[in-house]
Each structure stands twice: as structure tokens, then as C-alpha cells.
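Spelled out from the first residue to the last, the chains are:
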Amino acid sequence: MEWMNTFRRIGVSNPTRELADVAQEYQRKLDLKRSSISAIMLNSTAKSLVCAELACKTCKQPYNPSLAGRLSGETKKNYNQALQTIEKMIIGHRTGCTVKELTIRLGCSDVASMAETVLDRFHRSLAESVAGASRDSIDVSTPPFIGAAITVVCKLLKFKLDKRKLREEIRCTIPELEKRCDMLTKVAESVVADSRNTQSTKRTHSYAFLDTVDDAANEQPMKRHRPGDELIEDDGFHDCGVPFFSYQPMPDYSPWAASIVQSASQALRA
């Protein structure tokens, strides 16, 4: 019951028993490593909140990280540093998040694909230009790099981004984020330029096809019917004495339309 209340305090509306079990297991591991974390000065409430946060990350459970920091009774800097240290210690790696998950949380999912391209292209450029040891020390899958890629893409595309919420999600200071943004800016500019050129080329091809269809239509003018040809007067009269008119079925223009499309396709292939 205690864990359920802890989860509700950090924004989890319907915590499950599985989530509580994961947090309890992390609490047990933390107690076993008590001698290793003696240098980390955290009160008991803060330790419980750290375990609750790690459980939410492991189970992909949405929560409010800013609430955890405020409820801990610690300074924001100390709490975040302790969280990262304990995470590496009892899990073995930082759980982090993917580009798509983070953009959904930040409300800018439209830039997810481009941000992933920026990280992939930056990683390949490192492989070509940086020595092995230095290259291995740069992990573009970490939350700070993911957050930096989203930041530079949003800036170039003039998308609104809540930078404060971003820093809370990735647990990164302003200088650290700006440093990684500087590393990714040139690559992001190249990715955005390529995307715009591709979209321009697609629009040009679309306009060319429409122009070809229009030319083909002008070469094969449609036969026009006079309005009087569409009406046939019936010999009979209605009770009110007004002649009855019926409409003839409209001509079938599908062969004519098919010939236009065929002519346009042939012109494009030529």
C-alpha cells in the first residue's frame, strides 16, 4: 500500500502490483549496496522516490519526474545526480527513452523521424572521423543526445518546444544540453535541407504530371452536348396539366478519361 501511495504522489493514476514489485526489488538491491552508496546523502523518502522512478522507467509507466524531485526534500541537482548514480548501480545502465517516446511526451512527435536521422548521421560521421577510443566514449543513445537532437530540429523547423520539461525528462543541465546541441547543429542543418529538397522535388514532379494531363485533355476535347439534348418531352401529362420531362442518362466519359491518363503516362515515360 505504501508503494501505491508513492506512485500516486508522482503522478501515476492507477499503479499496478507489478509496478510496486519492481520498486520493492530495487529497494532491496539498494539496501544490499548500502556500503557502496554511503557517499550519496539521501533521506529515506528520497530513496523510495528514486526506486519508484526507476520502476516507472523500467515498466514504461508515465509519471511526473518534477514531482519526484520536489517531494524528495533534496535539491534538484543532488536528487538528479543521486538518481543517475543509483540507476547505473542497481540496473547496470541508464534506462533512458527513445526519440519517439520523448517527442510524444513533449508534444512534438512530428520531428521524431528527423531527429532519429540526425542521430544516425552523426553516429556515422563519428565512425568515419574519430578514433576508436574517443568514438566509443560518445553514446548518442543517451537521453542528453536524444534531447539535443530534438532541440536542434525543433529550432530549425520553428517548432515550439518546452525546454524546461525536456531537461526534466532527460535529467540534463543547460550547459550539458547546449554542448550536445552544438555538436549536432551542422548535421541537423544538413538533414533539414535534404528533407526540404526532397519535398520540393516531389511537388515539382506532381505539377509536371498535372500539366501533362492538362495538355492531353486539351488535345482531346470533350464532346459537348446542348442542354436541349438532355431532355425528352413525354407524350403524357401529369394530373396538373404540366408536361412530364425525363432526363437521358449522361454519356459514359470513362474511356475518354482513361485515354487522357494513358497519354499523360506515355508522355512522362518518353
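The coordinates are above.
Residues take numbers from 1 onward in each chain, read along the sequence in its written order. Local features in this predicted model are restricted to residues of pLDDT 70 or higher, and side-chain atom pairs are both shown and tallied only at a pLDDT of 80 or more, whereas totals for entire chains, interfaces and linings draw on every residue. Based on all heavy atoms of the structure, the side-chain values leave hydrogens and waters out of the count.

1. Points about the state of the cysteines
Argument step 1. The rule for a disulfide is simple: a pair of cysteine sulfur atoms within 2.5 Å. What the rule picks out here adds up to 0 disulfides.
Argument step 2. Just so you know, Cys59 is unpaired, no disulfide at all, and the nearest cysteine sulfur is the one on Cys56, 7.6 Å from it.
Argument step 3. The exposure class assigned to Cys59 is partly exposed, which follows from its relative accessible area of 29%. Under the scheme applied here, a residue whose accessible area is under 20% of the maximum for its type counts as buried, over 50% as exposed, and between as partly exposed, the area being computed with a 1.4 Å probe on protein chains only.

2. Let's talk about the environment of Phe7
Argument step 1. Secondary structure elements follow DSSP: runs of H or I no shorter than four residues count as helices, runs of E no shorter than two count as strands, and numbering proceeds from the N terminus. Mapped onto the elements, Phe7 comes out in helix α1 (residues 2-9).
Argument step 2. With 56 residues separating them along the chain, Phe7 and Tyr63 place their C-alpha atoms 8.2 Å apart.
Argument step 3. Those residues in contact with Phe7, other than ones at most four positions away along the chain, are Val12, Pro15, Leu19, Ala20, Ala23, Ala52, Ala55 and Cys56. Contact definition: two residues touch when any of their heavy atoms are within 4.5 Å.

3. What to know about helix α2 (residues 17-32)
Argument step 1. Helix length check: α2 (16 residues) gives 23 Å between terminal C-alpha atoms against 22 Å at 1.5 Å per residue, within 8%.
Argument step 2. When we look at burial in α2, the residues that qualify are Leu19, Ala20, Val22, Ala23, Tyr26, Gln27 and Leu30. For α2, the angular spread of buried residues about the axis comes to 160°, placing them on one side. Pointing more than 90 degrees away from the buried face of α2 are the exposed residues Arg17, Glu18 and Leu32.
Argument step 3. Taken together, the buried residues of α2 touch α1, α3 (44-58) and α5 (76-90). To estimate the expected span of a helix, subtract one from its residue number and multiply by 1.5 Å. The arc in question is the one traced by the directions running from the helix axis out to the C-beta atoms.

4. Quick word on the side chain of Ser66
Argument step 1. Along the polypeptide, Ser66 turns up in helix α4 (residues 65-71).
Argument step 2. Polar side-chain contacts of Ser66 include one of 2.5 Å to the side chain of Asn64. Distance and chemistry together define a polar contact, namely a pair of N or O atoms within 3.5 Å, with one atom able to donate a hydrogen and the other to accept it when in protein, and with adjacent residues in sequence counting only for side-chain atoms on both sides.

5. What to know about helix α9 (residues 143-157)
Argument step 1. Between the first and last C-alpha of α9 there are 21 Å, a value that for 15 residues agrees with the 21 Å anticipated at 1.5 Å per step.
Argument step 2. Buried residues dominate α9, accounting for 12 of its 15 residues.
Argument step 3. Taken as a whole, α9 has its buried residues at Pro143, Pro144, Phe145, Ile146, Gly147, Ala148, Ala149, Ile150, Thr151, Val152, Val153 and Cys154.

6. Some words on the nonpolar core
Argument step 1. Here, the term nonpolar core denotes a set of buried Ala, Val, Leu, Ile, Met, Phe, Trp, Tyr and Cys residues that are joined through side-chain atoms within 4.5 Å. If you look at the biggest cluster of nonpolar residues, it comprises 33 residues, and the most contacted ones within it are Leu102, Val118, Leu119, Ile150 and Leu184.
Argument step 2. Going through the elements one at a time, α6 (99-106), α7 (112-129), α9, α10 (163-170) and α11 (174-219) are the ones with two or more residues in this core.
Argument step 3. Among the elements that make up this core, the one with the highest residue count is α9 (8 residues).
Argument step 4. Dropping the residues within four chain positions of it, Leu119 is found in contact with Val99, Val140, Phe145, Ile146, Ala149 and Leu184.
Argument step 5. Ranked by size, the runner-up nonpolar core spans 27 residues in total, among them Leu19, Val22, Leu30 and Ile90.

7. What about the packing of α6 against α7?
Argument step 1. Contact geometry of α6 with α7 gives a least axis separation of 9 Å together with a crossing angle of 140°. When the axis of α6 is compared with that of α7, the two are oblique. Note that α6 runs across α7; the crossing there is right-handed. Taking contact as the criterion, the partners of Val99, Lys100 and Thr103 in α6 are, on α7, Ala112, Ala115, Glu116 and Leu119.
Argument step 2. Residue classes in the contact of α6 with α7 are distributed as 4 nonpolar, 1 polar and 2 charged. Every angle, taken between N-to-C directions, lies between 0 and 180 degrees, and every axis is a line fitted to C-alpha atoms, over only the stretch in contact when it is a helix. Any angle from 65 to 115 degrees is called roughly perpendicular, while one under 35 is roughly parallel, one over 145 is roughly antiparallel, and all others are oblique. For any helix crossing, the convention is left-handed if the near helix is rotated counterclockwise from the far helix by under a right angle, and right-handed if that rotation is clockwise. Here the nonpolar group is Ala, Val, Leu, Ile, Met, Phe, Trp, Tyr, Cys and Pro; Asp, Glu, Lys and Arg are the charged ones; every other residue, Gly included, is treated as polar.

8. A short note on the pattern of salt bridges
Argument step 1. In what follows, salt bridge is the name for a side-chain nitrogen of Lys or Arg lying within 4 Å of a carboxyl oxygen of Asp or Glu. For the structure on display, the rule yields 7 salt bridges.
Argument step 2. Between Asp21 and Arg17 there is a salt bridge whose closest N-O contact spans 3.3 Å. Remark: Arg17 and Asp21 occur in helix α2; sequence separation between them is 4 residues, near one turn of the helix.
Argument step 3. Given the relative accessible area of 54%, Arg17 is considered exposed.

9. With respect to the environment of Lys155
Argument step 1. Along the chain, Lys155 turns up in helix α9.
Argument step 2. Separated by 33 residues in the primary sequence, Lys155 and Ala188 place their C-alpha atoms 10.0 Å from one another.

10. Points about unusual backbone geometry
Argument step 1. Unusually for a residue other than glycine, Lys60 sits at a positive phi of about 55°.
Argument step 2. On the secondary structure map, Lys60 appears in the loop between α3 and α4.
Argument step 3. The backbone phi angle of Lys158 is positive, close to 60°, even though this residue is not glycine.
Argument step 4. With respect to the helices and strands, the residue Lys158 is situated in the loop between α9 and α10.
Argument step 5. Since its relative accessible area comes to 75%, Lys158 is described here as exposed.

11. Examining the environment of Lys179
Argument step 1. By the element assignment, Lys179 lies in helix α11.
Argument step 2. Between the C-alpha atom of Lys179 and that of Phe145, which follows or precedes it by 34 residues, the distance is 9.7 Å.

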